[in-house]
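Residue-level structure breakdown
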Amino acid sequence: MAATVTLEPAGRCRWDEPVHIAVRGLAPGQPVTLRASLRDEKDELFRAHARYCADAHGQLDLERAPALGGSFTGLEPMGLLWALEPEKPLMRLVKRDVQTPFAVELEVLHGHDPEAGGLLGRAVHERDFLAPGVRREPVRVGRVRATLFLPPGTGPFPGILDLFGSGGGLCEYRASLLAGHGFAVLALAYFRFEDLPKYLNNVCLEYFEEAVDFMLQHPKVKGPSVGLLGFSKGGDLCLSMASFLKGITATAVINACVANTIAPLHYKDMIIPNLSSDPGKYKITESGLLNLVDIWNDPLEKPHHQSLIPLEKAQGPFLFIVGMDDHNWKSEFYAQIASERLQAHGKDRPQIIYYPGTGHCIDPPYFPLCRASVHAVLDQPIFYGGEPKAHSRAQSVIFP
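Note that this is a predicted model, so its numbers are computed, not measured.

Analysis parameters
Residues numbered from 1 in each chain as written. Predicted model: local features only at pLDDT ≥ 70, side-chain atom pairs only at ≥ 80, totals over all residues. Heavy atoms only, no water. Domains from an automatic or database assignment. Contact = heavy atoms within 4.5 Å. Buried area = accessible area lost by both parts, 1.4 Å probe. Salt bridge = Lys/Arg side-chain N within 4 Å of Asp/Glu carboxyl O. Pairing = 2+ DSSP bridges. Helix = DSSP H or I, 4+ residues; strand = E, 2+ residues; numbered from the N terminus. Axes fitted to C-alpha atoms, helices over the stretch in contact; angles between N-to-C directions. Polar contact = N/O pair within 3.5 Å; in protein donor to acceptor, adjacent residues only side chain to side chain. Buried < 20%, exposed > 50% of the residue type's maximum accessible area, 1.4 Å probe, protein only. UniProt positions renumbered as here; feature names shortened; annotations may be inferred. Parallel < 35°, antiparallel > 145°, perpendicular 65-115°, else oblique. Nonpolar A, V, L, I, M, F, W, Y, C, P; charged D, E, K, R; others polar.

**Focus: the domain arrangement of the chain**
- With domains assigned, the chain is organised as domain 1 (4-128) and domain 2 (135-399).
- Placing the centre of domain 1 and that of domain 2 at their C-alpha centroids yields a distance of 32 Å.
- Contacts between the two partners involve 19 residues from domain 1, matched on the other side by 24 residues from domain 2.
- Overall, the association of domain 1 and domain 2 removes approximately 2000 Å² of surface from exposure, summing both partners, and the carbon and sulfur fraction of that is 64%.
- Interface area lost by domain 1 to domain 2 is led by Trp82, Leu90 and Arg92, which between them contribute 38%.
- At the boundary of domain 1 and domain 2, one finds three salt bridges.
- For Arg92, the salt bridge goes to Asp363, with nearest N and O atoms at 2.9 Å.

**Digging into the sheet that holds strand S18 (residues 265-267)**
- If you trace the three strands from one edge of the open sheet to the other, you get S15-S18-S19, paired in mixed fashion. Strands with a single pairing partner mark the edges of an open sheet, and in this sheet they are strand S15 (203-204) and strand S19 (270-272).
- Here S18 pairs with S19 via three bridges, running antiparallel. Residue Leu265 lies in a different strand from S19, and its bridge partner there is Ile272.
- Contacting S15, S18 and S19, helix H4 (residues 233-244) runs over the sheet at an angle of about 20 degrees to S18.

**Comments concerning the side chain of Glu76**
- Looking at the secondary structure, you find Glu76 in the loop between strand S7 (69-70) and helix H1 (79-82).
- At a separation of 2.5 Å, a polar atom in the side chain of Glu76 contacts the side chain of Arg393.
- Those residues in contact with Glu76, other than ones at most four positions away along the chain, are Leu62, Trp82, Lys389 and Arg393.

**Let's talk about the pairing of strand S10 (residues 119-128)**
- As judged from the three bridges shared by strand S2 (residues 12-14) and S10, these two strands associate in the parallel manner. Counted as the bridge partner of Arg14 is Asp128 from S10.

**Quick notes on the environment of Gly29**
- Looking at the element boundaries, Gly29 is found in the loop between strand S3 (20-24) and strand S4 (31-39).
- The exposure class assigned to Gly29 is partly exposed, which follows from its relative accessible area of 39%.
- Once residues within four sequence positions are removed from consideration, Gly29 is found in contact with Cys53, Ala54 and Asp55.

**What about the pattern of salt bridges?**
- Scanning the entire structure with this criterion turns up 23 salt bridges.
- Here Asp128 makes a salt bridge to Arg12, at a shortest N to O gap of 3.7 Å. Of this pair, Asp128 sits in strand S10 while Arg12 sits in strand S2, and the two are 116 residues apart along the sequence.
- On the basis of relative accessible area, Asp128 is assigned to the buried category, the value being 7%.
- Note that Lys283 is salt-bridged to Asp294, the shortest N-O span being 3.1 Å. With a gap of eleven residues between them, Lys283 in strand S20 (residues 283-284) and Asp294 in the loop between strand S21 (290-291) and strand S22 (318-323) connect regions that are remote in the sequence.
- With relative accessibility at 47%, the residue Lys283 sits in the partly exposed group.
- Where salt bridges share partners, they join Arg12, Arg14, Glu17, Glu126 and Asp128 into one cluster.

**Things to note about the UniProt feature "active site" (unreviewed entry) in the chain**
- Those residues carrying the UniProt feature "active site" (unreviewed entry) are Ser232, Asp326 and His360 in this numbering. A maximum C-alpha distance of 10.6 Å places the annotated residues, which cover 129 residues in sequence, within one compact spot.
- For Ser232, the position within the fold is in the loop between strand S16 (221-231) and H4.
- Beyond its immediate sequence surroundings of up to four residues, Ser232 is in contact with Gly165, Ile254, Asn255, Ala256, Asn328, Trp329 and His360.
- With respect to the helices, strands and loops of the structure, Asp326 is situated in the loop between S22 and helix H5 (331-344).
- Here the side chain of Asp326 touches Asn328 through a polar contact of 2.8 Å, landing on its backbone nitrogen.

**Quick look at the environment of Phe164**
- Tracing the backbone through its elements, the reader meets Phe164 in the loop between strand S13 (157-163) and helix H2 (173-179).
- For Phe164, a relative accessible area of 10% translates into the label buried.
- For the pair formed by Phe164 and Tyr190, sequence separation is 26 residues and the distance between their alpha carbons is 9.2 Å.
- Setting aside anything within four residues of it in sequence, one finds Phe164 in contact with Cys171, Tyr173, Arg174, Tyr190, Phe231, Lys233, Gly234 and Asp363.

**Some points on the packing of helix H3 (residues 205-217) against H4**
- At a minimum axis separation of 11 Å, H3 and H4 run at an interaxial angle of 75 degrees. Here H3 lies roughly perpendicular to H4, going by the angle between them. Residues Leu205, Phe208 and Val212 of H3 lie in contact with H4, whose contacting residues are Leu237, Ser240, Met241 and Phe244.
- Considered class by class, the residues forming the contact of H3 with H4 number six nonpolar, one polar and no charged.

Spelled out as structure tokens, the structure:
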């Protein structure tokens, strides 16, 4: 090996932080291929590669040199991360244990051939999910099953409840990264975790009310209210929480429906039925994936109107983040319904941010796009949409 791979910051940094990658010790104008790879906790392999040419001094700086081909092209300093693709189809890169880092192997290979030539240089870059001083505290209080992430310092800190979608389980990686930016974040499970229900047959809003109360009573959480962040099914749950519960200051949702979905929602003596669907309207892509965008009934039509969430009852503002290539459901249409409904009741219109080329699954920066995967509950390959480069741009804006 004749080349040296340098990383800034060296050694380890947070997953959502950019890293400066450079190579020294090459011949002037030398053609090389850079390859990145990592294995997740299930030993699934993810890879990306790009072709470059060294400058006249035998150096390569990814902040200055455009990729000439491979997994991406153009000036993309972080492309070797956001362009990672699974070796096995339909695998999604997620972080299951935030207490351990991902180890990214970077290799410099001679030439531009598909398999490239001999190994010239190598480095291992660790990207972790807990900033120095961030505390991870499992929460098993009453019915609440969650994990609380607290920033370093004495606090109190602004609080956020973080909910994921219809795959269930307890997803911590977004909450752990947000804690590194000064928020006290509760990653909240609501089914398919420990003693919680295995299936989402009925949803009781009192469970989420208990989680809000836990946060507001915590000495490290700044009251008198908390914010909500929800993705997909977790998004419409956040909309319901904001509409019916006290102590909610603001709500941000990522590709969410404005109606209650999947299961009836119960709160005290009230029931909001779930928006029904017509499974016969699904489509199958050329790759054999299920496209579900057309199966959902229109919540504005009279038979389905009762599934709409009464957003006008909320006290705080809303932010709708919309992937314009979402093939899970019609996120853009739902955001417009929310805007019209709020204005019809004399409320401020929500902020809506549209991201062209972005699909359903929007993770924090540098997570690769998940265009399709096997759904954890449906056990079917689902097409979610999106284009990698546009997806990476949206990530950096949504989670700066």
